[in-house]
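For reference, the chains in residue letters:
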Amino acid sequence: MVRTATTKDIKRIIELLHQVNMVHHVIRPDLFKPYTTKYNEQELEQMLHDDSKPIFVFDDGEVEGYAFCQITEVRDHQLLEDIKTLYIDDICVDERARGKHVGTALYEHVYNYAKAIACNNITLNVWEGNTPALNFYQRMGMKVQKTTMETIIG
């Protein structure tokens, strides 16, 4: 049920991007504008042709979730060890499909993909206040790698 996204999925992915944006807007209205998306149709079209940015969808007759990924590599760096990382840039399960293990299927697919292309690790970011997402990723076996902190001025 998890497959690589195609251009026919763009309209549905845009709908899901709106859901993710509103989750972030509710948590951090000082950062996220309401009723918009992280990517537009043209950007999604370009991403679908970029092997370093695979997009996977959970399709059960309708796309019920997606995972945007980015593959990065560090090689011959002065400080850092060589490493190939799959970063989950964005993951979404349609609010009507939650509890149906769509997120688990997407994460397991991403994990297996990362393993197949010899990644060393999978990383992602979770916004403070998005407790359901944090709990989900912990259930998937993820651990904190680093913490980003802020002071809001004003």
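Up top is the structure.
Notes on the structure follow. Sequence positions are assigned chain by chain, starting from 1 and proceeding in written order. In keeping with the predicted nature of the model, local features appear solely for residues at pLDDT of at least 70, side-chain atom pairs appear and are counted solely at 80 or more, and the whole-chain, interface and lining totals rest on all residues. As a rule here, side-chain values come from all non-hydrogen atoms in the structure, and water together with hydrogens is ignored.

What follows deals with the packing of aromatic side chains. When the centres of two rings from Phe, Tyr and Trp lie within 6.5 Å, Trp using its six-membered ring, the rings pair. Their planes under 30 degrees apart give stacked, over 60 give edge-to-face, and anything left gives tilted. Enumeration over the complete set of coordinates arrives at five aromatic pairs. Between Phe32 and Trp127, the ring centres sit 5.2 Å apart and the planes meet at 85 degrees, which makes this aromatic pair edge-to-face. Here Trp127 lies in the loop between strand S5 (121-124) and helix H4 (131-139) and Phe32 lies in the loop between helix H1 (10-27) and helix H2 (41-47), a separation of 95 residues in the sequence. Exposure is judged per residue with a 1.4 Å probe applied to protein chains only, and the accessible area is read against the type maximum: over 50% gives exposed, under 20% gives buried, and values in between give partly exposed. On the accessibility criterion, Trp127 (35% relative accessible area) is partly exposed. Ring-pair connections join several aromatic residues into one group, and the members of that group are Tyr39, Tyr66 and Phe68. Here a helix means four or more residues in a row that DSSP labels H or I, a strand means two or more in a row labelled E, and each is numbered from the N terminus.

To continue, consider the pairing of strand S2 (residues 55-59). Across the five residues that make up S2, a large majority, four, are buried. The pairing criterion for strands is at least two bridges between them, as found by DSSP. Where strand S1 (residues 2-4) meets S2, three bridges bridge the pair, whose relative direction is antiparallel. Residue pairing for S2: Val2 is matched across the bridge by Phe58. What sits between the antiparallel neighbours S2 and strand S3 (residues 63-74) is a turn of three residues, in which Gly61 has the positive phi angle 95 degrees.

A few words on the sheet that holds S3. Spatial ordering of the open sheet is given by S1-S2-S3-S4-S5, a layout of five strands whose pairing is mixed. One side of each edge strand has no neighbouring strand; the edge strands of this open sheet are S1 and S5. On average, adjacent strands in this sheet sit at an angle of 30 degrees to one another, irrespective of strand direction. Judged from the four bridges that link them, strand S4 (residues 83-93) and S5 form a sheet pairing that is parallel. Bridge pairing links Ile88 to Leu124 in S5. Along the sheet face, H1 touches S2, S3 and S4 and points at about 80 degrees away from the line of S3. Contact criterion: two residues are considered in contact whenever any of their non-hydrogen atoms come within 4.5 Å of each other. Here, axes are lines fitted to C-alpha atoms. For helices the fit covers the stretch in contact, and angles between N-to-C directions go from 0 to 180 degrees. Against the sheet, helix H3 (residues 102-116) makes contact with S1, S2, S3, S4 and S5, and its axis sits at roughly 165 degrees relative to S4, the strand it touches most.

Counting 23 residues, the largest nonpolar core has Leu86, Ile88, Leu106, Val110, Ile122 and Tyr137 as the members making the most contacts within it. Counting residues per element, the ones that place at least two in this core are S2, S3, S4, H3, S5 and H4. If you tally residues by element for this core, the top one is H3, at five residues. Leu86 has contacts with Cys69, Gln70, Ile71, Val110, Tyr113, Ala114, Cys119, Asn121, Ile122 and Thr123, leaving out every residue within four places of it along the chain. The set of buried Ala, Val, Leu, Ile, Met, Phe, Trp, Tyr and Cys residues whose side-chain atoms join them within 4.5 Å is what this entry labels a nonpolar core.

Before going further, it helps to examine the layout of surface pockets. Of the two site types, the cavity is a set of points on a 1 Å grid over the protein atoms alone where a 1.4 Å probe fits but cannot get out, and the pocket is an open set with protein on both sides within 12 Å along at least five of seven lines, each lined by residues with an atom within 4 Å of a point. Grid points are joined across faces, edges and corners, and a volume is the space filled by probe spheres set on the points. Put simply, the second largest pocket is a space of about 200 Å³. Along the walls of the second largest pocket sit Tyr107, Tyr111, Ala114, Lys115, Cys119, Asn120, Asn121, Ile122, Thr123, Met142, Lys143 and Gln145, which together make up its complete lining. Listed by contribution, the elements that provide at least two residues to the lining of the second largest pocket are H3 and S5. For the lining of the second largest pocket, the leading source of residues is H3, giving four residues. Residue polarity follows a fixed list, in which Ala, Val, Leu, Ile, Met, Phe, Trp, Tyr, Cys and Pro are nonpolar, Asp, Glu, Lys and Arg are charged, and the others, Gly among them, are polar. Across the lining of the second largest pocket, the residue classes break down as six nonpolar, four polar and two charged.

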